[in-house]
Amino acid sequence: MPENLLSEFVAAIPMPALMVDQTERIIAANSDAKTLLAQNIEGRHFATILRQPQVIEAIEQCLRTKGSAKTRHLSNDGAQDTTFKVECRYMNGVGAVCGGAMLATFQDVTHLEQASQMRRDFVANVSHELRTPLTALMGFIETLRGPARDDVNARERFLQIMTDEANRMNRLVGDLLSLNRVESEERVRPKAQVELTGLLRSTLNSLRPLAEDGDVELSLTAPEDPVSLAGDSDQLRQVFTNLIENGIKYGGSGGSVEVRVMSSERDSAMRGPAVRVQVIDRGPGIDSVHLPRLTERFYRADSHRSRQLGGTGLGLAIVKHIINRHRGRLRVESELGKGTTFTVILPL
């Protein structure tokens, strides 16, 4: 194959690719490979460019056996570590004196590696979250069968704790099912019309008993005219129930949780007509170091307090996916000692 045609062939491959002949020099490389590795790599010995032992070994094996080889190439794109699947294939009749050459392609599998890591982390987190209440239940059952068998006071106390732990597991399983359902529907945009102000009033009324128990005042500030948008009423109710409930539980020490509704013809975040719903508490606030990770699964700014209050660590992850389904945005602003504001921005 003529050298110029060989270069055109490698350039047409839609991923980083290079060719090494029996002289062990790179005889062709496309622009993606040069971006990944370095410019001006043609004509250089491959080992001076691909310094990772596993990649060098795969190329040497392919040239030696005139067969194929697979390996991994690790890199960094400046923002994150990246992983490439390297496939080596031998081609006869090309290269120096037509003695044959090896074609290596680099397929970016970073997203697959990240998904696999997320799955492992998710399973580990679920296992940990379930193991804690299960261990407590098993311990109390053993105690009730033994030393506390005839102790009425201890039995009642232990049974109450067991009930709380069982309820905690039930909430966790419920949130896991809810998260799975929301994720499966995330790409399907809702079409039903929802009157937002009425939905918020209904949500606040359902949460008033919880607010009264915590001595927290709930208030709603909204336009007089109805605010309607395309949405899933059950899911939107779930979003605002979660945010207002969090405001009562974690920010309730400030004595109030306020919900504000503001609509505009052109919202800067949506670049079009939108409505903003703010849930504002006057509580202790959240350290800024936690804000970027609040919507991660099982992430808690205060793990001990969250578990004490019955949190599963999945509420804000569910909120994020529901808002994504509605093509909206979630903003969080907080300052220690001055409370927290969650803002849900939805297109009209």
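Nothing here was measured: the structure is a model prediction, and the numbers come from that model. (Residues numbered from 1 in each chain as written. Predicted model: local features only at pLDDT ≥ 70, side-chain atom pairs only at ≥ 80, totals over all residues. Heavy atoms only, no water.)

Participant: Would you take a moment to explain the sheet that holds strand E11 (residues 329–335) for this structure?
Facilitator: Two orientations exist for strands paired in a sheet by backbone hydrogen bonds: parallel and antiparallel. On the basis of which strands lie adjacent, the open sheet formed by five strands has the order E7-E9-E10-E12-E11 and mixed pairing. At either end of the open sheet lies a strand with only one pairing partner, and these are strand E7 (217–221) and E11. Direction aside, the axes of adjacent strands within the sheet are offset by 15° on average. In this fold helix H7 (residues 196–213) packs onto E7, strand E9 (256–267) and strand E10 (272–281), with an angle of close to 175° to the strand it touches most, E7. (Pairing = 2+ DSSP bridges. Helix = DSSP H or I, 4+ residues; strand = E, 2+ residues; numbered from the N terminus. Axes fitted to C-alpha atoms, helices over the stretch in contact; angles between N-to-C directions. Contact = heavy atoms within 4.5 Å.)

Participant: Sorry if this is basic, but what is going on with the nonpolar core here?
Facilitator: Within soluble globular proteins, side chains that are nonpolar generally end up buried alongside one another. One finds Leu196, Leu218, Val239, Phe240, Ile244, Ile248 and Val344 to be the most contacted residues of the largest nonpolar core, which totals 42 residues. Listing elements by their share of this core, those giving two or more residues are helix H6 (152–185), H7, helix H8 (233–251), E9, E10, helix H10 (315–325) and strand E12 (339–347). The next biggest cluster of nonpolar side chains, apart from the first, holds 25 residues, and it includes Leu18, Ala29, Ala58 and Phe84. (Core = buried A, V, L, I, M, F, W, Y, C linked by side-chain atoms within 4.5 Å. Buried < 20%, exposed > 50% of the residue type's maximum accessible area, 1.4 Å probe, protein only.)

Participant: What am I meant to see in the sheet that holds strand E1 (residues 17–21) here?
Facilitator: The strand order across the open sheet formed by five strands is E2-E1-E5-E4-E3, and the pairing between neighbours is antiparallel. Every other strand in the sheet has two partners, leaving strand E2 (26–29) and strand E3 (68–76) as the edge strands with one partner each. Across the sheet, the axes of successive neighbouring strands diverge by a mean angle of 25°, strand direction being ignored. Bridge count for E3 against strand E4 (residues 81–91) is nine bridges, and the pairing is antiparallel. By the bridge assignment, serine 75 is partnered in E4 with threonine 82. Those strands touched by helix H5 (residues 110–145) are E3, E4 and strand E5 (101–108), and its axis lies near 130° from that of E4.

Participant: What am I meant to see in the packing of H6 against H10 here?
Facilitator: Between two packed helices, both the angle of their axes relative to each other and the distance between the axes serve to describe the pair. In the contact formed by H6 and H10, the axes pass within 9 Å of each other and the chain directions differ by 20°. The angle between the axes of H6 and H10 places the two elements in the roughly parallel class. For the element pair H6 and H10, the recorded crossing hand is left-handed. Of the residues in H10, those touching H6 at Asp175, Ser178, Leu179, Val182, Glu183 and Glu185 are Ala317, Ile318, His321, Ile322 and Arg325. Residues belonging to the contact of H6 with H10 are distributed by class as follows: five nonpolar, two polar and four charged. (Parallel < 35°, antiparallel > 145°, perpendicular 65-115°, else oblique. Left-handed = near helix turned anticlockwise from the far one by under 90°. Nonpolar A, V, L, I, M, F, W, Y, C, P; charged D, E, K, R; others polar.)

Participant: Help me out: how do you make sense of the packing of H5 against H6 in this one?
Facilitator: The interhelical angle for the contact between H5 and H6, taken along N-to-C directions, is 160°, at an axis separation of 10 Å. Viewed along their axes, H5 and H6 adopt a mutual orientation that is roughly antiparallel. As for how H5 packs across H6, the hand of that crossing is left-handed. Residues of the contact of H5 with H6, tallied by class, amount to 17 nonpolar, two polar and four charged.

Participant: Help me understand unusual backbone geometry in this model?
Facilitator: Both trends apply: most residues other than glycine have a negative phi, and most peptide bonds are in trans. Even without being glycine, glutamate 24 reaches a positive phi, approximately 65°. Within the secondary structure, glutamate 24 sits in the loop between E1 and E2. A positive phi angle is found at lysine 66, which is not glycine, with a value near 55°. Mapping lysine 66 onto the fold places it in the loop between helix H4 (53–65) and E3.

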